[in-house]
Amino acid sequence: MADPTDYDNADFIPDGPGYFARWEAAAAAFRAGHPEARLSLPYGAHARERFDLFMPARAPSGLVVFVHGGFWRMGDRSMWSHLCAGPLARGWACALPSYPLCPEARIADITRAIARAVPAMAAEVGGPILLAGHSAGGHLVLRMVCPDAGLPLHVAQRIAGVLAISPLSDLAPLIEMPMNADLRIDAAEAAAESPLHQPAPGLPVEVLVGAAERPAFIDQALWMGDAWPMAEVTLAPRRHHFDVIEALEDGDSPLLRRWLP
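One structure accompanies this document, and this report is about it.

Concerning the overall build of the protein
- Secondary structure summary: the protein contains 9 helices and 8 strands in total.
- Taking 2.2 N^0.38 as the reference for a compact globule, 261 residues should give roughly 18 Å; the C-alpha atoms of the protein span a radius of gyration of 17 Å, in line with that estimate.
- Along the first, second and third principal axes, the C-alpha set of the protein runs to 55 × 40 × 35 Å.
- Every one of the 261 residues in the protein was classed for burial, and the buried ones make up 55%.

Considerations on the environment of Y99
- You can see Y99 is positioned in the loop between β4 (93–97) and α3 (107–122).
- It is 8.7 Å that separates the C-alpha atoms of Y99 and R77, two residues lying 22 residues apart in sequence.
- Contacts of Y99, omitting those with residues within four sequence positions, involve Y43, R48, V67, H68, G69, W72, I110, I114 and L140.
- A polar atom in the side chain of Y99 sits 2.8 Å from the backbone oxygen of H68.

Some points on the state of the cysteines
- For the structure on display, the rule yields 0 disulfides.
- With no disulfide of its own, C102 lies closest to C146 among cysteine sulfurs, the gap being 18 Å.

A closer look at helix α4 (residues 136–143)
- The element α4 is largely enclosed, with a buried count of 8 among its 8 residues.
- Every buried residue of α4 is accounted for by A136, G137, G138, H139, L140, V141, L142 and R143.

What to know about the packing of aromatic side chains
- What the rule picks out here adds up to 11 aromatic pairs.
- With a centroid separation of 5.5 Å and an interplanar angle of 75 degrees, the aromatic rings of F20 and F242 are classed as edge-to-face. With a gap of 222 residues between them, F20 in helix α1 (residues 18–32) and F242 in the loop between β8 (232–236) and α9 (254–259) connect regions that are remote in the sequence.
- F20 gets classed as partly exposed once you look at its relative accessible area, which sits at 35%.
- Assessed through its relative accessible area of 6%, F242 is described here as buried.

Concerning the pattern of salt bridges
- Using the criterion set out here, one finds 14 salt bridges in the structure.
- The shortest N-O distance in the salt bridge between D15 and R22 comes to 2.9 Å.

Things to note about the sheet that holds strand β6 (residues 159–165)
- Across the sheet, which stays open at both edges, the 8 strands sit in the order β1-β2-β4-β3-β5-β6-β7-β8 with mixed pairing between neighbours. The open sheet is flanked by β1 (38–42) and β8, the only strands paired with a single partner. The average angle at which neighbouring strand axes cross in this sheet is 20 degrees, direction not considered.
- Here 5 bridges tie strand β3 (residues 63–67) to strand β5 (residues 129–134), and the two strands are oriented parallel to one another. Each residue of the ladder has a partner; that of V64, found in β5, is L130.

Remarks on the environment of A136
- Position of A136 among the secondary structure elements: in helix α4.
- Put simply, A136 and I107 are 29 residues apart on the chain and 9.7 Å apart in space, counted from C-alpha to C-alpha.
- Those residues within four positions of A136 in sequence are excluded, and the remaining contacts are H68, G69, G70, F71, W72 and L168.

Considerations on the environment of W223
- Relative to the helices and strands, W223 resides in helix α8 (residues 215–227).
- A relative accessible area of 32% places W223 in the partly exposed class.
- In this structure, the C-alpha to C-alpha distance between W223 and L168, residues 55 residues apart in sequence, is 9.7 Å.
- In this structure W223 touches S169, D170, P173 and L196, once residues within four positions along its chain are discounted.

Some remarks on unusual backbone geometry
- Each neighbour pair has its own omega, and for C102 with P103 the value is 10 degrees, a cis peptide bond.
- Summarising the element assignment, P103 is placed in the loop between β4 and α3.
- The phi torsion at D15 lies on the positive side, around 55 degrees, for a residue other than glycine.
- By the element assignment, D15 lies in the segment before α1.
- The phi dihedral of S166 is positive, around 50 degrees, even though this residue is not glycine.

Some words on the pairing of β6
- Burial within β6 is extensive, with 6 of its 7 residues counted as buried.
- By the bridge criterion, 6 bridges tie β5 to β6 in an arrangement that is parallel. Residue A132 lies in a different strand from β6, and its bridge partner there is L163.
- Across 4 bridges, the pairing between β6 and strand β7 (residues 205–210) is parallel. Counted as the bridge partner of I165 is L208 from β7.

Cut-offs and rules
- Residues numbered from 1 in each chain as written.
- Predicted model: local features only at pLDDT ≥ 70, side-chain atom pairs only at ≥ 80, totals over all residues.
- Heavy atoms only, no water.
- Helix = DSSP H or I, 4+ residues; strand = E, 2+ residues; numbered from the N terminus.
- Rg over C-alpha atoms; globule rule 2.2 N^0.38 Å.
- Buried < 20%, exposed > 50% of the residue type's maximum accessible area, 1.4 Å probe, protein only.
- Contact = heavy atoms within 4.5 Å.
- Polar contact = N/O pair within 3.5 Å; in protein donor to acceptor, adjacent residues only side chain to side chain.
- Disulfide = S-S within 2.5 Å.
- Phe/Tyr/Trp six-rings, centres within 6.5 Å; stacked < 30°, edge-to-face > 60°.
- Salt bridge = Lys/Arg side-chain N within 4 Å of Asp/Glu carboxyl O.
- Pairing = 2+ DSSP bridges.
- Axes fitted to C-alpha atoms, helices over the stretch in contact; angles between N-to-C directions.

Right, dumping it as structure tokens:
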């Protein structure tokens, strides 16, 4: 039987709840330092269907899209602006979408929202597109390279790679979690919306997870690697669910030097 704390993070990370205020402050400071950023651009009719776009100092090499986590029921793009620092330093534009949240939306609805967001963001910047996402956002970017994602062909062909950080690849275990009161996942949705049940795409996929994460998240990453043999799974030493994303802030981090040419 699943432990209801399997996917808890804040209570198992030193000063876990303090990260949220630090992320908000870092993101606000980053936006203040980039007054040229284009904020709250629409990609759909819902009030949360908006994205922010940050451009590098020179002509961009392409577009990085970062999709936030929060178990599909918390957060928005405004908490993560500072994660654009690394891509910008390497000459890539960076876009961050918000999306409708559970319980108002089902996970399948959120997948469709991101499938609307990607073409809207792609229309703003030419060149290759690299998709990155954390936790539930990792699930969503993996879904974008599945055959049923519904992306226009000309957009799908521009996707050059995916970086899924601590992703949820199999939704079935979440059916037994208390959070499912909001998520409302049933067996049919778990099967349809789990990337590991989808065919592997013909492009590079990197799955990054902290070696100090909850075992359930390490399992989810390893399951993804088993399901898509071409997916490269990396365990980041000493990193947990909240600090594993920090490499995105540093354009010279080994992760970004490897992932962003």
